[in-house]
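Single-letter residue listing:
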Amino acid sequence: MTASSVTPRSAADVAALGAIPRIPFALPCIGEQEIESVVATLRSGWLTTGPKTKVFEEAFAQAVGARHALAVNSGTAALHLALEALGVEADDLVLVPTWTFTATAEVVRYLGAHPVFVDVDAATLNVDVAKLEERIIALKREGGGKLKAMMPVHVGGQACEMDHIVRLACSHGLAIVEDAAHAFPTTVNSASVTERAPRSRMVGSVGHATAFSFYATKTIATGEGGMVTTEDDKMAERIRLMRLHGVSKDAWSRRASPLPPWYYEVLAPGFKYNLTDIASALGLVQLQRQPALVARRTAIAKRYSAAFSGHPAIEPPVLRRPEDVCAWHLYVLRLNPDRLTIDRDQFTRELDARGVGCSVHFIPLHLQPYWRDRYRLTQEMFPVASREFTRVVSLPIYPDMTDGMVDRVIEVVTEVASKCRR
Ligand SMILES: *Cc1c(COP(=O)(O)O)cnc(C)c1O
């Protein structure tokens, strides 16, 4: 039997397409509640940043246990504003793992600063904390006065070793901006930069600032959108200012103020990074549904891992602390090249030919032309990321996947792995 060539856009399409439709790599999980919420906002007459965004921010801050949550129009904007508010400027250095999306490093360049790339841990694909520490010590020895911050990325929704990273930040006077684009909701047992005692916390209440993404494929989707969380009142004030043109108050609070409604002051050359109420209306419903959505993603991950463990040619992802909540934005399968007659690229083509969408997260930044050439990066400088890149495949994992769809992915993956076994 061959898979349908039609790509469904929703779970309903998948059902309508018959026995073996294509299983897309990602689908947003948008229900009637989200649609009603957006329609109500459209009818309210307030489309841009306003009352819905304020409610979304308050609900998000509460969900992660952060003092401030500031809504912005992308995860990239969230990362940029966090670094800007920390005072990162031209020629500063910021530690970035090579295993991430280019947005993490590009925001460093927006400010004229330079990323210093670090290799990752083979088990989790998160930044290798021992190599991070080595790098910090080496830069300090070279008089690294310009080293300002580090940007741990919680790959796939599994938290980095934050307790270690917080200790490094405190002892070396560095700031932590977490890239939590994959990590809502995620928990970690750690100290925070404001509270020394380790305990179980939500990602979003650990570092100096944390950036979330609400891009269409992420665990909370508003199409495009993001959020910065922080405990720091000064940083929150700066981010609030810079996300909307450096204008002293946004349109909504301007309305509530005793000053004339047309009055505003420009205090800095800010950015146009505010989130619309249309997006916040969507985000609020997605936030309320998170317990059920993460439960479904976790169940899919368990079903995959149970089916794949024990197969000599493939390895399920490793959770460092299974008792923590993992957001399961990605399910990254590892291939065992010694046990397969085909390479990763051929493996993904085999899945695609059988109607299973897949992807690769990530092409490490040291392999991307801009970063490689600008900073003279070689594969030998990042042995773990260079090796792991050749054997990762991201499988579909989203709440609207039915058990039938999950089983079909399992069937196809094990069929290809067995057929091409060495
Ligand atoms: C998606 C993503 C971003 C960027 O988020 P946008 O909302 O698309 O700007 C940043 N970092 C990582 C690791 C991501 O996956």
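Attention in this report is confined to the structure presented alongside it. (Residues numbered from 1 in each chain as written. Predicted model: local features only at pLDDT ≥ 70, side-chain atom pairs only at ≥ 80, totals over all residues. Heavy atoms only, no water.)

Looking only at helices and strands, one finds 14 helices and twelve strands in the protein chain. Its C-alpha atoms give the protein chain a radius of gyration of 22 Å, near enough to 22 Å, the size a compact globule of 422 residues would have. Its C-alpha atoms give the protein chain principal-axis dimensions of about 70 × 60 × 40 Å. Residue burial in the protein chain is summarised as follows: out of 422 residues, 54% are buried. Within the protein chain, counting contacts between residues at least 6 apart in sequence, those at least 24 apart form 72% of the total. Carbon and sulfur atoms make up 54% of the accessible area of the protein chain, which amounts to about 18,000 Å² in all. Counting 47 positive and 46 negative side-chain charges, the protein chain places the averaged centre of each group 1 Å from the other. (Helix = DSSP H or I, 4+ residues; strand = E, 2+ residues; numbered from the N terminus. Rg over C-alpha atoms; globule rule 2.2 N^0.38 Å. Buried < 20%, exposed > 50% of the residue type's maximum accessible area, 1.4 Å probe, protein only. Contact = heavy atoms within 4.5 Å. Areas by Shrake-Rupley, 256 points an atom, 1.4 Å probe, with all protein chains shown as cover. Lys, Arg positive; Asp, Glu negative; His and termini not counted. Charge placed at Lys NZ, Arg CZ, Asp CG, Glu CD.)

Around the ligand lies a shell of 15 residues, among which Thr76, Asp179, His182, Ser213 and Lys218 are the nearest. Interatomic distance of 2.7 Å between a side-chain N/O atom of Asp179 and a nitrogen atom of the ligand. Here an oxygen atom of the ligand and a side-chain polar atom of Lys218 are 3.1 Å apart. Listing elements by their share of the shell around the ligand, those giving two or more residues are α4 (75-85) and α5 (102-110). In terms of residue class, the shell around the ligand is built from five nonpolar, eight polar and two charged. (Near = heavy atom within 4 Å. Polar contact = N/O pair within 3.5 Å; in protein donor to acceptor, adjacent residues only side chain to side chain. Nonpolar A, V, L, I, M, F, W, Y, C, P; charged D, E, K, R; others polar.)

For the pair α4 and α5, the least separation of the axes is 9 Å and the interaxial angle reads 45 degrees. The orientation of α4 with respect to α5, classified from their angle, is oblique. With respect to the hand of their crossing, α4 and α5 are arranged in right-handed fashion. Packed against α4, whose contacting residues are Thr76, Leu79, His80 and Leu83, the element α5 presents Ala103, Thr104, Glu106, Val107, Val108 and Tyr110 at the interface. The class makeup of the residues in the contact of α4 with α5 is six nonpolar, three polar and one charged. (Axes fitted to C-alpha atoms, helices over the stretch in contact; angles between N-to-C directions. Parallel < 35°, antiparallel > 145°, perpendicular 65-115°, else oblique. Left-handed = near helix turned anticlockwise from the far one by under 90°.)

For sheets, the rule is that strands pair by backbone hydrogen bonds, running either parallel or antiparallel. In spatial order, the strands read β1-β9-β8-β5-β4-β2-β3; together these seven strands make up an open sheet with mixed pairing. Looking along the sheet, the strands with just one partner apiece sit at the ends: β1 (68-72) and β3 (114-118). Strand-to-strand twist across the sheet, computed as the mean angle between neighbouring axes with direction ignored, equals 25 degrees. Sheet topology places strand β2 (residues 93-97) next to β3; five bridges connect them, and they run parallel. By the bridge assignment, Val96 is partnered in β3 with Phe117. On the sheet, helix α3 (residues 51-64) packs against β1, β8 (209-213) and β9 (226-230) and is oriented at approximately 135 degrees with respect to β1. Taken strand by strand, helix α8 (residues 233-242) contacts β1, β8 and β9, and its axis lies near 15 degrees from that of β1. (Pairing = 2+ DSSP bridges.)

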